[in-house]
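Geometric and topological summary
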Amino acid sequence: MEEIVGEILLRLPPDEPEHLFRAALVCKPWLRILCDPAFRRRYRVFHGAPPLLGILHKRQVVEGDPPARFASTTSMPDFPHPGSDGRRTRPLDCRHGRVLIHMLEDESVDYLVWDPITGEKHGLPEPDIEWLIYSAAVLCAADGCDHLDCHGGPFRVVFMGTFEYEDNIVASVYSSETGVWSAQVSFDNSCEAFAKHMRDGCAERSWYTPYLLPSRATLIGDEIYFTIRRRHTIVKYDLSRNCLSIINSPPHNVYGIALMVMEDSSLGFACIQDSSLCTWSRKVNSEGGTEWVQFKVIKLESIIPAATSSSEPFVVGSAEGVGIIFISTDDGLFTIKLNSGQVKKVDKPDVYFSVLPYMSFYTPDRGSLLSLARTP
């Protein structure tokens, strides 16, 4: 019977952790099954990508920082935010079970890597980079990790920024294992694509700073992608080779793109065109080069009434592995599942620039229920 119960519990949906916690309270045998490490491993493998549990969001610098809050997208309560004590904070990234926060009014730490589920916090210093505009990404650094349940273990933070009047972009990497930032890496005159980008900008203005968009970066393997505002230029940082490069930009007739990972693990982006959600994928063509190919078009007016308002909705992010796109409208923040078209309102209206999705498996062993499972 225990095997049959385990098979049934295995199929409880992870995107609503309440089901698991309620099942754990039915009886101690069920609680022990749900807290058993072997069951938890099977559960993660069975469901694949971690579910979306909540979001933080970023605004552009001129709009000020958002309130310090973690908005749950499930029935579970919000996790207590490190800035809920009144300190000014700026969330930068959510990935691999961790949240990266810039602690703007904390004399003891510059940046904080926070695990909402375990409550673990790791402070790190400011990188030795002069910046006007910046973005950063946090990622698991454990060898061989499948990133289905990243809690504890080593991590890295990739910081990228540019300084006023400096025609360059600089990157550095922090390692939790060494506790230090790496030597800076930047573009130089040998990067023809970046030089052309700068020439095109300077042709229109007397000076031009490569305006690095402070939106969430996209990770594919060891490659991390950021965007520059002008012409949606995409900057790639290669972790394994420690170098920066520029890849061909998306079509110029689109506005307000959000980079994303496609189902085949290729780089893609989503945007709004003519009141429709459009996704594009970067493919290798017959000549061995790369090109942007439109992947999917979803009419929004039939599924999001606010899409027909005077203010056009826009894409503010995506959740990798679960096919979810975040769309901001005058009526609030919505998610849309690409495979089903299912729409869900997940937050109130606000000035959303880039949504940071927090994704992780939240099982009964993560709370006080684990102690109950160990009692006779």
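Residues numbered from 1 in each chain as written. Predicted model: local features only at pLDDT ≥ 70, side-chain atom pairs only at ≥ 80, totals over all residues. Heavy atoms only, no water.

Concerning the nonpolar core
Counting 21 residues, the largest nonpolar core has Val158, Met160, Ile224, Val235, Tyr237 and Leu244 as the members making the most contacts within it. Residues contacting Val235, with those up to four places away along its chain left out, are Met160, Ile169, Phe187, Ile224, Tyr225, Phe226, Ile228, Leu244, Ser245 and Ile246. Of all hydrophobic cores here, the second largest spans 17 residues; its members include Phe79, Cys94, Val109 and Tyr362. (Core = buried A, V, L, I, M, F, W, Y, C linked by side-chain atoms within 4.5 Å. Buried < 20%, exposed > 50% of the residue type's maximum accessible area, 1.4 Å probe, protein only. Contact = heavy atoms within 4.5 Å.)

So, the UniProt feature "domain: F-box" (unreviewed entry) in the chain
Under the present numbering, the feature "domain: F-box" (unreviewed entry) in UniProt falls on residues 2–41. Across residues 2–41 one finds 72% helix and 0% strand; the C-alpha atoms that close the span lie 17 Å apart. (UniProt positions renumbered as here; feature names shortened; annotations may be inferred. Helix = DSSP H or I, 4+ residues; strand = E, 2+ residues; numbered from the N terminus.)

Things to note about the environment of Pro67
Secondary-structure assignment places Pro67 in the loop between β1 (52–58) and β2 (71–72). A sequence separation of eleven residues divides Pro67 from Leu56, and the C-alpha atoms of the two residues are 9.4 Å apart. The contact partners of Pro67, leaving out residues within four places of it in the chain, are Arg59 and Asp350.

What to know about unusual backbone geometry
Although it is not a glycine, His147 sits at a positive phi angle of roughly 60°. On the secondary structure map, His147 appears in the loop between β7 (133–140) and β8 (155–162). With a phi angle near 60°, Ser275 is a residue other than glycine that sits in the positive phi range. Structurally, Ser275 can be placed in the loop between β17 (267–273) and β18 (276–284).

Some thoughts on the packing of helix α1 (residues 2–10) against helix α3 (residues 28–35)
The relative placement of two packed helices is expressed as an angle between their axes plus a distance between the axes. Axis separation between α1 and α3 bottoms out at 10 Å; the angle between their running directions is 60°. Classed by the angle they form, the pair α1 and α3 counts as oblique. Note that α1 runs across α3; the crossing there is right-handed. Of the residues in α3, those touching α1 at Glu2, Val5, Gly6 and Leu9 are Trp30, Ile33 and Leu34. (Axes fitted to C-alpha atoms, helices over the stretch in contact; angles between N-to-C directions. Parallel < 35°, antiparallel > 145°, perpendicular 65-115°, else oblique. Left-handed = near helix turned anticlockwise from the far one by under 90°.)

Observations regarding helix α4 (residues 37–47)
Buried within α4 are the following residues: Phe39, Arg40, Tyr43 and Arg44. Looking straight down α4, one finds its buried side chains confined to an arc of 135°; they lie on one side. Those residues of α4 that are buried are in contact with α1, α2 (18–24) and α3. You can read the cap of α4 off the contacts: a side-chain oxygen lies 3.0 Å from the backbone nitrogen of Ala38, and it is on Asp36. In the stretch just after α4, Gly48 is the one whose phi turns positive, near 75°. (Arc of directions from axis to C-beta. Polar contact = N/O pair within 3.5 Å; in protein donor to acceptor, adjacent residues only side chain to side chain.)

So, the side chain of Asp93
By the element assignment, Asp93 lies in strand β3 (residues 89–95). Judged by relative accessible area, Asp93 falls into the buried class, the value being 0%. A distance of 3.1 Å separates polar atoms of two side chains, one belonging to Asp93 and the other to Arg216. Excluding anything up to four places from it in sequence, Asp93 contacts Arg98, Val99, Leu100, Ala136, Ala137, Val138, Arg216 and Leu356.

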